[in-house]
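Here are the chains, one letter per residue:
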Amino acid sequence: IDDIQTELEHYNGRNYQTAVLYQTLLYPQRSGDITIDAAQFEAVLRVQVRQQVRSIFDDFFGSYTNVTRTITAPSVTIQVAPLPAGKPAQFSGGVGQFNLSGDISNTEIKANEALTIRLAIQGTGNMKLIKTPAVDWPEGFETYDPKVSNKLKQTTQGTGGTREIEYLAIPRAAGSYTIPAITFSYFDTRDNQYKTQSGGGWTIQVARAEGDNT
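This is a predicted model, so every value here is computed, not measured.

Rules used throughout
- Residues numbered from 1 in each chain as written.
- Predicted model: local features only at pLDDT ≥ 70, side-chain atom pairs only at ≥ 80, totals over all residues.
- Heavy atoms only, no water.
- Core = buried A, V, L, I, M, F, W, Y, C linked by side-chain atoms within 4.5 Å.
- Buried < 20%, exposed > 50% of the residue type's maximum accessible area, 1.4 Å probe, protein only.
- Helix = DSSP H or I, 4+ residues; strand = E, 2+ residues; numbered from the N terminus.
- Contact = heavy atoms within 4.5 Å.
- Pairing = 2+ DSSP bridges.
- Axes fitted to C-alpha atoms, helices over the stretch in contact; angles between N-to-C directions.
- 1 Å grid on protein atoms, 1.4 Å probe; cavity = no way out; pocket = protein on both sides within 12 Å on 5 of 7 lines; lining within 4 Å.
- Points joined across faces, edges and corners; volume = space filled by probe spheres on them.
- Nonpolar A, V, L, I, M, F, W, Y, C, P; charged D, E, K, R; others polar.

*Asks:* Would you mind going over the nonpolar core with me for this structure?
*Replies:* Nonpolar side chains tend to gather and get buried jointly when the protein is soluble and globular. Counting 26 residues, the largest nonpolar core has L115, I117, W137 and I179 as the members making the most contacts within it. Counting only elements with at least two residues in this core, the list comes to β7 (91-104), β9 (115-125), β12 (158-171), β13 (175-179), β14 (182-188) and β16 (202-207). When residues of this core are assigned to their parent elements, the largest contribution, 4 residues, is made by β9. For W137, the residues in contact, after removing those within four places along its chain, are L115, I117, T143, Y167, A169 and I179.

Rendered as structure tokens:
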């Protein structure tokens, strides 16, 4: 936590100034009881030294020293429920709230020219664990591994932001081709159900390459 804020908290009959120093986002990978181990850290406390007052100045200014203490946060067990049955065939592993959008670089190109599809998944959830959706390229397209870039931010609600995926392919023959819509399935934690979104769906006109007289 960069900007530490303190607040007053009543604990075991006494008042304390409390502050959140460190937070971690955890995404359980299995259901059942999972125990998070105890955590320890060292804290440097500024403690007033009790000593005999020799003058009015000693009493006014006081005397302090730094003391190191080891503080322990106890372990905790959490109960993780499994995802419901009935996962869609295209389930990405995404859990949270997401939106899918897609566009294509061109729908009219020549053979041997590159074609790019850009897909964006926006939302909040386990963004880094989402599987990359597959594109059903037409036969005769030379395809390459997609390029993935993340613009993400960690919040108390989860990992939020945008995951951008760029797909590259090159058609090798002239003709009219259809690229079906790209589907993305996830579990919506707000509505407590699986959802499927689609992006794109294009018809591509590929002209003969220059110099191709066949």
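*Asks:* Hey, could you run me through the pairing of β9 in this one?
*Replies:* Consecutive side chains of a regular strand alternate in pointing toward one face of the sheet and then the other. Looking at chain direction, β7 and β9 are connected through 9 bridges and run antiparallel. Bridge pairing links D103 to R118 in β9. Examined bridge by bridge, β9 and β12 share 11 bridges and lie antiparallel to one another. Paired with I121 across the strands is R163, a residue of β12.

*Asks:* Could you clarify how one ought to interpret the sheet that holds strand β8 (residues 108-110) in this entry?
*Replies:* Sheet strands line up and pair through hydrogen bonds in the backbone, either parallel or antiparallel. In space, the 3 strands of this open sheet follow the order β8-β16-β13, with mixed pairing throughout. Both outer strands of the open sheet, β8 and β13, are each paired with one neighbouring strand and no more. Along the sheet, successive strands turn relative to each other by an average axial angle of 30°, direction set aside. Judged from the 3 bridges that link them, β8 and β16 form a sheet pairing that is parallel.

*Asks:* Looking at this structure, how should I read the layout of surface pockets?
*Replies:* Empty space among the atoms becomes visible once a probe the size of a water molecule is rolled across them. Volume-wise, the largest pocket comes out at about 700 Å³. Along the walls of the largest pocket sit 26 residues, with P28, V80, L83, V95 and N126 positioned nearest its centre. Considering each element in turn, the lining of the largest pocket owes the most residues, 5 residues, to β7. Its residues assigned to classes, the lining of the largest pocket shows 13 nonpolar, 11 polar and 2 charged. Looking at the second largest pocket, its volume works out to about 540 Å³. Considering the residues around the second largest pocket, the lining is formed by 16 residues, among which Y22, T24, I36, A39 and A73 are closest to the centre. Among the elements of the structure, β4 (39-48) and β5 (64-73) are those that each provide at least two residues to the lining of the second largest pocket.

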